[in-house]
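A look at the structure
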Amino acid sequence: MSSESKPRILFSREEISATVSRLAAEIKQDYQGKHPLLLGILKGSFVLMADLIRLLNFPLEVEFIRLSSYGGSRQSSGRIKVVQGLRSPIKGRDILVIEDIVDTGLTISFLLDYLRQRKPASLKLCALTDKPSRRQVPVTIDYPGFTVPDEFIVGYGMDWNEQFRYLPELCSIEVED
Ligand code: PRP
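Each helix and strand in the protein chain was counted, giving 3 helices and 11 strands. Listing every helix and strand of the protein chain by position from the N terminus yields β-β-α-β-α-β-β-β-α-β-β-β-β-β. The C-alpha radius of gyration of the protein chain comes to 16 Å, within 12% of the 16 Å expected for a compact globule of 177 residues. C-alpha atoms of the protein chain, sized along the principal axes, occupy 50 × 35 × 25 Å.

Let us look at the sheet that holds strand S4 (residues 61-68). For sheets, the rule is that strands pair by backbone hydrogen bonds, running either parallel or antiparallel. As summarised here, the arrangement of the 6 strands in space is S5-S4-S3-S6-S7-S8, forming an open sheet in which the pairing is mixed. Sheet topology places strand S5 (81-84) and strand S8 (143-147) at the edges, where each strand pairs with a single neighbour. Within this sheet the neighbouring strands show an average axis-to-axis angle of 30 degrees, counted without direction. Bridge count for strand S3 (residues 37-42) against strand S6 (residues 94-102) is 4 bridges, and the pairing is parallel. Considered in S6, the bridge of Leu-38 is made with Leu-96. The strands touched by helix H1 (residues 13-30) are S6, strand S7 (122-130) and S8; relative to S8, the strand with the most contacts, the crossing angle is about 165 degrees.

Judged by nonpolar contacts, the single largest core of 27 residues is most densely connected at Ile-27, Leu-52 and Leu-170. Elements that contribute at least two residues to this core include exactly H1, helix H2 (46-53), S6, S7 and S8. Formed by 19 residues, the second largest nonpolar core is a distinct cluster that contains Ile-80, Ile-90, Leu-112 and Tyr-114.

For the rest of this paragraph, the subject is the packing of aromatic side chains. In this structure the tally under the stated criterion is 3 aromatic pairs. With a centroid separation of 6.0 Å and 25 degrees between ring planes, the pair formed by Phe-110 and Tyr-114 is classed as stacked. With Phe-110 and Tyr-114 both in helix H3 (residues 106-116), this residue pair falls 4 residues apart, about one helical turn. The exposure class assigned to Phe-110 is partly exposed, which follows from its relative accessible area of 29%. In this structure, Lys-34 is placed above the aromatic ring of Tyr-31, and the distance from its NZ or CZ to the ring centre is 6.0 Å. The cationic tip of Arg-118 hangs over the ring face of Tyr-114; the distance from NZ or CZ to the ring centre is 3.8 Å.

The rules behind these values
- Residues numbered from 1 in each chain as written.
- Predicted model: local features only at pLDDT ≥ 70, side-chain atom pairs only at ≥ 80, totals over all residues.
- Heavy atoms only, no water.
- Helix = DSSP H or I, 4+ residues; strand = E, 2+ residues; numbered from the N terminus.
- Rg over C-alpha atoms; globule rule 2.2 N^0.38 Å.
- Pairing = 2+ DSSP bridges.
- Axes fitted to C-alpha atoms, helices over the stretch in contact; angles between N-to-C directions.
- Contact = heavy atoms within 4.5 Å.
- Core = buried A, V, L, I, M, F, W, Y, C linked by side-chain atoms within 4.5 Å.
- Buried < 20%, exposed > 50% of the residue type's maximum accessible area, 1.4 Å probe, protein only.
- Phe/Tyr/Trp six-rings, centres within 6.5 Å; stacked < 30°, edge-to-face > 60°.
- Lys NZ or Arg CZ within 6 Å of the ring centre and 35° of its normal.

None of this, on its own, says anything about what the molecule does.
Next up, the structure:
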């Protein structure tokens, strides 16, 4: 049995919009003349992906991979599973991974290793939120959005037990396992 508090807003719609615009401007500058594959990690990245690509008016492709580590728990299990795999070739492509949050770093480290084995031309990471206080493995975020405190983050695609993904703000909740 678990329970959670009412979501408390950490970042407003306006702050998110400004940050996504900044990320898009940085990405546009770096990928001029390229044709990158933006790879979102499901489910949490789908809102960021939708907002970001509409600010990137250059040729790109979109793909998703579904990984899972948390299940219904607050803590990452550390056992990353590919729930739905890639359908696009990675070899020789410029890959930009789109992630909602880097917490322990275990999920993204797993994915970056998985992708490196497939020999992309380049591999970078954009993450809307970063929770460095809980990091277990080092991760370089090429396009970082917000730094968030050690609280459970929901909204803008992120969930608690599949709830709250619809919230337009980035919020924190107190949860009890
Ligand atoms: C969340 C989030 C990241 C990962 C980050 O995914 O979307 O992928 O955890 O945690 P880590 O840095 O500690 O590994 P989750 O497994 O909750 O799946 P979801 O995106 O479908 O909600």
